[in-house]
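# Tertiary structure, described
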Amino acid sequence: PLTDETINKLRDLHPISTEPIGGLPDSAVGVADIDPARLDSILRKRIHNGSAPGVSGTTGSHLLTVWENGSPAGRVGFQLLIRDICNGVFDGDLKERLLASVLVPLSKKDDGVRPVAVAEVFVRCAANYMMWLIYEDVQDFLPRTKLGVKFPVGAKPACAVLRSERDSDGKH
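First things first, this report covers the structure right here in the doc.

### Here we look at the overall build of the protein
If you tally the helices and strands in the protein, you get seven helices and two strands. Secondary structure of the protein in N-to-C order comes out as α-α-α-α-α-β-β-α-α. Of the roughly 11700 Å² of accessible surface on the protein, a fraction of 55% belongs to carbon and sulfur atoms.

Below you can see the structure in the form of structure tokens.
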């Protein structure tokens, strides 16, 4: 149940940030174009899945409806929005709104709290697109690891291996 105690546990687990949200590293490569066929597939198979909405209240059903019924210019605009999210071009209030999540406290057996953050559907869509871009390359050194956004379990093991690979300059 959502009580003052639960809220205090969540605050202890996730204190309010005192630092600004960082940008992409200088070495980051941008996404030039969004493939409409791949975006269509991601919307149908990964985003329109009944998941809860983020802070905006927008769901995968909303995005798929816009995609299916929008004008050609509207579809291009949506592709550009996803591209810009992938490239990290937003800053300030818009970046904070895109990266905001709905925090849902789930009870644990030991009277603890498991925080589940529900991200904005636009960000989930962009993350799925980015996972598609790197999926085959990542499989070369993560063949049995499940990859957070595209697969269940979480991204921590994959991130650890990717950081290790990056930091070693491929000398494994």
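Let's pick the thread back up.
### Description of a nonpolar patch on the surface
A contiguous nonpolar patch, built from V55, V102, V104, L106 and V116 and spanning about 330 Å² of accessible area, is present on the exposed surface. With three residues, the single largest contributor to the nonpolar patch is strand β1 (residues 101–107). Secondary-structure assignment places V116 in strand β2 (residues 113–119).

### Quick word on the pairing of β2
Here β1 runs beside β2; their pairing, made up of seven bridges, is antiparallel. Looking at β2, one finds that L103 is bridged to A117. In this antiparallel pair of consecutive strands, β1 and β2, the connection spans five residues, and D111 shows a positive phi of 65 degrees.

### Regarding helix α3 (residues 60–69)
Those residues of α3 that fall on the buried side of the exposure criterion are G60, L63, L64 and W67. All buried residues of α3 fall inside an arc of 95 degrees around its axis, so they share one side. Capping the start of α3, T59 holds a side-chain oxygen 3.3 Å from the backbone nitrogen of S61, two or three residues further along.

### Examining the packing of helix α2 (residues 36–47) against helix α4 (residues 72–87)
Contact pair α2 / α4: the axes reach a minimum separation of 11 Å and the direction vectors enclose 80 degrees. Taken as axis vectors, α2 and α4 run roughly perpendicular relative to one another. Of the residues in α4, those touching α2 at P36, L39, D40 and L43 are R75, F78, Q79 and I82. The class makeup of the residues in the contact of α2 with α4 is five nonpolar, one polar and two charged.

### Brief notes about unusual backbone geometry
At D111, a residue that is not glycine, the phi angle is positive and equals roughly 65 degrees. For D111, a relative accessible area of 62% corresponds to the exposed category.

### Focus: the nonpolar core
Membership of the largest hydrophobic core comes to 20 residues, with the highest contact counts inside it found for L39, L43, F78, I82 and C125. Going through the elements one at a time, α2, α3, α4 and α6 (121–139) are the ones with two or more residues in this core. Setting aside residues no more than four positions away along its own chain, C125 makes contact with L39, I42, L43, I47, F78 and I82.

### Section: the side chain of T59
With respect to the secondary-structure elements, T59 resides in the loop between α2 and α3. Other than its neighbours up to four places away in sequence, T59 contacts S51, P53 and V121.

### Here's the deal with the side chain of N128
Residue position: N128 is located in helix α6. Polar contacts involving the side chain of N128 include one to the main-chain carbonyl oxygen of R124, which spans 2.8 Å.

Analysis parameters
- Residues numbered from 1 in each chain as written.
- Predicted model: local features only at pLDDT ≥ 70, side-chain atom pairs only at ≥ 80, totals over all residues.
- Heavy atoms only, no water.
- Helix = DSSP H or I, 4+ residues; strand = E, 2+ residues; numbered from the N terminus.
- Areas by Shrake-Rupley, 256 points an atom, 1.4 Å probe, with all protein chains shown as cover.
- Patch = residues over 30% accessible without salt bridge, like charges linked within 9 Å, V, L, I, M, F, W, Y side chains within 5 Å.
- Salt bridge = Lys/Arg side-chain N within 4 Å of Asp/Glu carboxyl O.
- Pairing = 2+ DSSP bridges.
- Buried < 20%, exposed > 50% of the residue type's maximum accessible area, 1.4 Å probe, protein only.
- Arc of directions from axis to C-beta.
- Polar contact = N/O pair within 3.5 Å; in protein donor to acceptor, adjacent residues only side chain to side chain.
- Axes fitted to C-alpha atoms, helices over the stretch in contact; angles between N-to-C directions.
- Parallel < 35°, antiparallel > 145°, perpendicular 65-115°, else oblique.
- Contact = heavy atoms within 4.5 Å.
- Nonpolar A, V, L, I, M, F, W, Y, C, P; charged D, E, K, R; others polar.
- Core = buried A, V, L, I, M, F, W, Y, C linked by side-chain atoms within 4.5 Å.

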